[in-house]
Amino acid sequence: MEKIIGITASDGVVIGKFMFFGTQKPVVEKASPLSADLEKERFHSARREAIQTLRDLFKTAVQEAGESHAEIFEVHAMMLEDLDYIEYAESLIEREGCTAQWAAQRTGEQFSRIFSEMSDDYMRERASDVEDISSRVVRILCNVKDLNLNDIQDKIIFAGDDLMPSQTIQLDRSKILGFATQKGSRVSHVAILSRTLGIPSVVGLGSGLIDYHNKTAVLDGDNGILWIDPDKATLAFYQQQIRLRQQEEKDMAALIGQPNQTADCITIEINGNIGCPEDCELVKQNDGSGIGLFRSEFLYMESKTFPSEDVQYEAYKKVLEAMEGKRVIIRTLDLGADKKVPYFNFDAEENPAMGFRAIRISLSQREVFTTQLRALLRASAHGKLALMFPMITSVEEVKKIKQIVTETKAQLIHEKITVAEDIELGIMVETPAAALISDLLADEVEFFSFGTNDLTQYTLAADRMNPKVESLYDPGHLAILRLLKFATDNAHKKGKWVGVCGESAADIRLVPFYFYIGIDELSVVPSAILKLRSAMKDLDMKSLRNDRFLNI
Amino acid sequence: MKSFCYTVIDELGLHARPAGFLAKEAAKYKSSVYVSKNEKKADCSRLFNLMGLAIKQGESITFMIDGEDEEEACAALEAFCRNNF
């Protein structure tokens, strides 16, 4: 038995045969024994064949995945008809006396470079399209067959290096139990696709997967683990998991459309936490009331430099539009501590958790902050936006933030750009300091959201990533519960609302406590929304006098 | 020589797909068709060239059509713009 750890990209567990689909790398010779005219003819005939395949793919994709997913093939076909592209390849053949495949490859590289150097993000992404179309032509010319699932009868766990959009659409999905890829991240194409399709997937498993071809495997999308040749106990464990999950899914589906309400009719708002715009779909599928925490870091982590205002605007707008007027709370930049980006110079710190991070960066790197605020405020016209600021420790910080927000808003209005009027401002309460001065902070903002992960670490002085003290990390610790109650009472006295967006918001054991102190909102991973709804359904607060978490 | 200005309404701007259709439309005519945005100019019948202008929503582009069927091409292209982006 072998255990390989990757990145979880789509939830669920499957057991099945593991098959690795390697794209055979064509060998591209430069020198041609043929005349330039013949090579040109080969180039055009391969190009025409590729266009025909793409048109067929377009038709299939329209039926299977809808027009918007299919569009890419039509664009690819049109790109192969571009005169600049054709002329460049033809002139290479003439000038270099090279083979058609070599010319196609070089042309692809050349055009891809032009696109990747453009300042516009959308256009930069087109670089991979040019590579995709060129390698299609090269494969035809070298007689390398595209990977083919058709010869396989059973359902399999599909493994590959990374999957291109054009590969995933060609797959017969009825045969695929799950995806396992060597490369990729949570936002790569295969990750997004598998989440949309509800197929378990683990990405970023590293090289060498080909060695496990044809073996039995368990793909654990919940924990990002691939087990090869699982032993009896592991297999039995996962079979049980699958059975439980099927039952659970049935129970959960029945809760869609129901209120988040206890047996004695107390209600609460349950929202989803998301890391990228694509996750909105999951929140909607799980019947979330809105987005309680959108971590804007993903934009910074995925990028090679600080993302521009327009790039950010597009991402925020996408989320706001997807949520169709439901509230979306976007947290401003929370870099630092364990979240670092290469393009920002983080000096080595003795204690990064207590160092230069989150709002501290925003307030000292004004431009970075203003760019983000401009993008956020511009996007506010497209839905119901609320802003949340991380790592607050003082009233002065909040006043400064509000002043910058006001100035940025005024500047945008001056530029005749529409900004929503009713943007709620809130803060993360994730430091003991913020909780202890919550009476004063409540005067400044519309809401608090408890970041219980950091609040627990800071209050208990226990790093949950450090195995030696991990056991001290307990979000149900009396000290934490008292801080939560204290700050919640202070907010409610001023008529402000309070949420919890840390991981413990999804802790079923704490649900009675949240109701007891009057928490207004919980924000959790999308898959936990219905679990919480289910857990509170039979809860009767009046009969809960002896719950250990209520005795604070 | 005929010319007209058009402001892109589509929120995605002139992205790959409509640009592809526009290039096809422009290639139907004998006249040369050029599109310019600020100082940059592109041959409208060439997709990559056209995409290189990175035309966004709200931006104004100018079409310049020159040739024997310029009259017809100008009218058709203007209608095409209105219907597609």
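Structural data are supplied above this passage.
Residues numbered from 1 in each chain as written. Chains lettered and ligands numbered in written order. Predicted model: local features only at pLDDT ≥ 70, side-chain atom pairs only at ≥ 80, totals over all residues.

Visitor: What should I look at first to understand the overall build of chain B in this one?
Guide: Secondary structure summary: chain B contains three helices and four strands in total. Order of helices (α) and strands (β) in chain B, N terminus to C terminus: β-α-β-β-α-β-α. For chain B, with 85 residues in total, the buried portion stands at 39%. Look at the contacts in chain B between residues 6 or more apart in sequence, and 69% of them connect residues 24 or more apart. (Helix = DSSP H or I, 4+ residues; strand = E, 2+ residues; numbered from the N terminus. Buried ≥ 20, exposed ≤ 12 C-beta atoms within 10 Å, placed from the backbone. Contact = placed C-beta atoms within 7 Å.)

Visitor: Quick question: what am I supposed to make of the overall build of chain A here?
Guide: A tally of regular secondary structure across chain A gives 20 helices and 16 strands. The proportion of buried residues among the 552 residues of chain A is 42%. Considering only contacts in chain A between residues 6 or more positions apart, those separated by 24 or more positions represent 68%.

Visitor: Would you explain the packing of helix α2 (residues 67-79) of chain A against helix α5 (residues 121-141) of chain A in this entry?
Guide: For any two helices packed against each other, one specifies the inter-axial angle together with the distance between the axes. Residue and element names in this part refer to chain A. As a packed pair, α2 and α5 sit with axes 10 Å apart at the nearest point and diverge in direction by 70°. What the angle tells us is that α2 and α5 run roughly perpendicular. The crossing of α2 and α5 is right-handed. For the pair formed by α2 and α5, the contact residues are Val-75, His-76 and Met-79 on the first element and Asp-129, Val-130, Asp-132 and Ile-133 on the second. Each residue belonging to the contact of α2 with α5 can be placed in one class, and the counts come to four nonpolar, one polar and two charged. (Axes fitted to C-alpha atoms, helices over the stretch in contact; angles between N-to-C directions. Parallel < 35°, antiparallel > 145°, perpendicular 65-115°, else oblique. Left-handed = near helix turned anticlockwise from the far one by under 90°. Nonpolar A, V, L, I, M, F, W, Y, C, P; charged D, E, K, R; others polar.)

Visitor: Looking at this structure, how should I read the nonpolar core?
Guide: Ranked by size, the top nonpolar core spans 76 residues in total, and within it A:Val319, A:Val328 and A:Ile427 carry the most contacts. A:Ala89, A:Met123, B:Leu22 and B:Cys81 belong to the second largest nonpolar core, which has 56 residues in total. (Core = buried A, V, L, I, M, F, W, Y, C linked by C-beta atoms within 7 Å.)

Visitor: Which parts of the structure should I look at to understand helix α11 (residues 309-322) of chain A?
Guide: Helical periodicity: at 3.6 residues per turn, an α-helix aligns residues three or four positions apart in one direction. All names here are of chain A. Look at α11: 20 Å from first C-alpha to last across 14 residues, which is about the 20 Å you get at 1.5 Å a residue. On its buried face, α11 is in contact with α9 (280-285), β10 (291-295), α10 (297-301), β11 (327-331), α13 (366-379) and β12 (384-389). Where α11 terminates, the next one or two residues include Glu-324, which has phi positive at roughly 45°. (Expected span 1.5 Å × (residues − 1).)

Visitor: I keep staring at the interface of chain B and chain A and nothing clicks. Help me out?
Guide: Where interface size is quoted, it is often the accessible area lost as the parts come together. Counting residues at the interface gives eleven residues for chain B and 15 residues for chain A. Put simply, the parts of the chain that give the side of chain B that touches chain A at least two residues each are α1 (16-27) and α2 (47-51) of chain B. Residue contributions to the side of chain B that touches chain A peak at four residues, all from α2(B).

None of this, on its own, says anything about what the molecule does.
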